[in-house]
Amino acid sequence: MRVTVAGIGYLGLTHAVCMADLGHEVLAMDVDEGKVARAAQGEVPFFEPGLEALLRKNLDAGRLRLTTSFAELAAFGTVHFLCVGTPPAADGHADLRYVRAAVDALAPHLTSPCLVVGKSTVPVGTARSLQQAITLAAPAGDQAELAWNPEFLREGHAVQDTLRPDRLVFGVASAQARRLLRQVYAGPLATGVPELVMDLETAELVKVAANAFLATKISFINAMADACQATGADVAMLAEALGHDERIGRRSLTPGLGFGGGCLPKDIRAFRATALDLGVTSVAGLLAEVDTINQSRRALITEMAREAAGGHLAGTRITVLGAAFKPNSDDIRDSPSLDVCDRLARQGAIVTVHDPAALANAARAKPQLRYASSVTEAASAAELVLHLTEWPDYQALDPYTLAGVVARPVMIDARCVLDTRLWRAAGWSVRVPGRPRAG
Ligand SMILES: NC(=O)c1ccc[n+]([C@@H]2O[C@H](COP(=O)([O-])OP(=O)(O)OC[C@H]3O[C@@H](n4cnc5c(N)ncnc54)[C@H](O)[C@@H]3O)[C@@H](O)[C@H]2O)c1
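Residues numbered from 1 in each chain as written. Predicted model: local features only at pLDDT ≥ 70, side-chain atom pairs only at ≥ 80, totals over all residues. Heavy atoms only, no water.

Undergrad: Which parts of the structure should I look at to understand the overall build of the chain?
TA: The number of helices and strands found in the chain is 19 helices and 14 strands. In summary, the chain has a C-alpha radius of gyration of 23 Å against a globular reference of 22 Å for 439 residues, a match within 12%. Its C-alpha atoms give the chain principal-axis dimensions of about 70 × 45 × 40 Å. Look at the contacts in the chain between residues 6 or more apart in sequence, and 71% of them connect residues 24 or more apart. When the accessible surface of the chain is summed, it comes to about 18,200 Å², and 54% of that surface belongs to carbon and sulfur atoms. Here the chain carries 43 positive and 47 negative side-chain charges, and the mean point of each set is 3 Å from the other. (Helix = DSSP H or I, 4+ residues; strand = E, 2+ residues; numbered from the N terminus. Rg over C-alpha atoms; globule rule 2.2 N^0.38 Å. Contact = heavy atoms within 4.5 Å. Areas by Shrake-Rupley, 256 points an atom, 1.4 Å probe, with all protein chains shown as cover. Lys, Arg positive; Asp, Glu negative; His and termini not counted. Charge placed at Lys NZ, Arg CZ, Asp CG, Glu CD.)

This is the structure we're talking about:
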């Protein structure tokens, strides 16, 4: 099939490359000429395992091309994916100006029957209003249809999540829209990926509800960490025991510093704002609490660092392991780690940050911090080490070697994943929120 993708950020570039890899002919566009030029040269402007190799493979095979023209998109294919950003507005709502601009630019060129497929995360009701805008502006009128196919990919696993998703959600208003989406996704569907067909509103809600649930699960286990902290219980054991219950499950049940990034925080705030507009106070109240608990983790880790430093941070040399908002990513948007770094630096700590992939982005965003390209360099003469992003590299560190580099072997494992027994055996004092101080 001939497929187009508007917006080549994290979502759109991954989607365009994977669509081409599934065998479709793909034309991808963005309003950012620099991004388009780099992608056309086979360059991925962010860290995503496997994506650059797949981009080059599909450019070389001639299955993927790039443009900055909406007219070319419209002329190229019959299925047009919308993957533009929906950043937060000042009042917490999703800012829909980019989605609306993309539809306004594309629709006047839609002269023959086609399907526009929204993938961006939007408030419920957006698709319905975009359909009206398309019908009014497209020469094809109501033959230019809209569907919503929300995206669930995780940064760091984006390629595999796109090629082999857990499920495909099709929000459609006609049998023709469903037929076209089935054709586009014939590859994954043939491997048994569940296909869930529903109305536009439910499809929009599935995405924000999934993010709300994941955020709630993370804040739930962090609230349990507070209960453990107050009682001397061990949240790591608690999470393990809870996770064996099939109704609960182990994933997203890791206590620690909480969530960040370009999606979860903005999506739960946007959902809360929509819920308030709709008068759905249950959702608004729940998500307000989830957000509050999540933010409180950053203050908690900062306070733990102050205590571990002997009550004052001014002049304390602190090494921070991890700057990205999550491992396997160079994305620092709303990074919990960098937020903690900011708080420490504001209290006078001398903070040196290491990250396997996000160092350049972090240095651009937070020039007031120090950066080191190796853990050894970062930890040299440190009085305190904070493990803030759970890159596998850090779990593989040798605590004996590192103990010889630092000034004081004191570690706060804010991600609750290090082998505390091993680190303590190597002479480290290890503190983990919600876990007993020793044992
Ligand atoms: N990043 C993720 O992991 C992820 C996962 C699932 C869903 N989403 C959702 O996908 C959407 C995109 O997210 P992202 O992380 O890729 O954002 P991003 O900021 O990385 O990319 C957005 C892209 O859209 C382009 N753009 C803006 N206006 C445009 C226009 N009028 N026409 C064409 N291109 C335009 C921008 O130049 C940019 O390249 C958001 O709604 C987000 O919530 C993201």
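That covers the picture; the talk isn't over yet.
Undergrad: Where do I start with the packing of aromatic side chains in this structure?
TA: Aromatic rings considered in pairs are described by the distance between their centres and by the relative angle of their planes. Inspection of the entire model under this criterion finds 5 aromatic pairs. When the ring of Trp-423 is compared with that of Trp-428, the centres are 5.1 Å apart and the planes differ by 70 degrees; the resulting orientation is edge-to-face. Across the pair, Trp-428 and Trp-423 agree in class, each one buried. An aromatic cluster is present here, built from Phe-81, Phe-170 and Tyr-185 joined pairwise through their rings. Stacked on the ring of Phe-76, the Lys or Arg Arg-2 has its end atom at 4.1 Å from the ring centre. Just above the ring of Phe-152 sits the side chain of Arg-167; from NZ or CZ to the centre is 3.7 Å. (Phe/Tyr/Trp six-rings, centres within 6.5 Å; stacked < 30°, edge-to-face > 60°. Buried < 20%, exposed > 50% of the residue type's maximum accessible area, 1.4 Å probe, protein only. Lys NZ or Arg CZ within 6 Å of the ring centre and 35° of its normal.)

Undergrad: Can you walk me through the packing of helix H5 (residues 97–106) against helix H6 (residues 126–137) in this structure?
TA: Any two packed helices are characterised by the angle at which their axes cross and by the distance between the axes. Close contact between H5 and H6 brings their axes to 9 Å; oriented N to C, the two are set at 25 degrees. One finds that H5 runs roughly parallel with respect to H6. Read as a crossing pair, H5 and H6 show a hand that is right-handed. Each of Val-99, Arg-100 and Val-103 in H5 lies in contact with H6, whose residues at this interface are Ser-129, Leu-130, Ala-133 and Ile-134. Classifying every residue of the contact of H5 with H6 gives 5 nonpolar, 1 polar and 1 charged. (Axes fitted to C-alpha atoms, helices over the stretch in contact; angles between N-to-C directions. Parallel < 35°, antiparallel > 145°, perpendicular 65-115°, else oblique. Left-handed = near helix turned anticlockwise from the far one by under 90°. Nonpolar A, V, L, I, M, F, W, Y, C, P; charged D, E, K, R; others polar.)

Undergrad: Mind showing me how you'd approach the sheet that holds strand S11 (residues 370–371) here?
TA: Strands in a sheet are paired, the pairing made by backbone hydrogen bonds, and the direction either parallel or antiparallel. Read from one edge to the other, the open sheet built from 6 strands follows the order S11-S10-S9-S12-S13-S14, with strand pairing classed as parallel. Of all the strands in the sheet, the pair left with one neighbour each is S11 and strand S14 (429–431). Where strand S12 (residues 384–387) lies against strand S13 (residues 410–413), 3 bridges are found, and the strand directions are parallel. Bridging from a neighbouring strand, Val-385 pairs with Met-411 of S13. Each of S12, S13 and S14 touches helix H13 (residues 281–308); the most contacted strand, S13, lies at about 165 degrees to it. (Pairing = 2+ DSSP bridges.)

Undergrad: Explain the pairing of strand S5 (residues 114–118) to me, please; I cannot follow it from the model alone.
TA: The two faces of the sheet receive side chains in turn, since in a regular strand these alternate between them. For S5, the tally of buried residues reaches 5 of 5 residues, placing the bulk of the element in the interior. Of the two faces of S5, the one carrying Cys-114, Val-116 and Gly-118 and the one carrying Leu-115 and Val-117 are both buried. Inspection of the sheet shows strand S4 (residues 79–82) paired to S5 by 4 bridges, in the parallel sense. By the bridge assignment, Phe-81 is partnered in S5 with Val-117. Remark: the S4/H5/S5 crossover connection has right-handed handedness. Sheet topology places S5 next to strand S6 (residues 144–148); 5 bridges connect them, and they run parallel. Looking across to S6, one finds that Cys-114 is bridged to Ala-144. In this fold, the crossover linking S5 to S6 by way of H6 has right-handed handedness. (Right-handed = clockwise from strand over helix to strand, strands pointing away.)

Worth remembering: the numbers are spatial, not functional.
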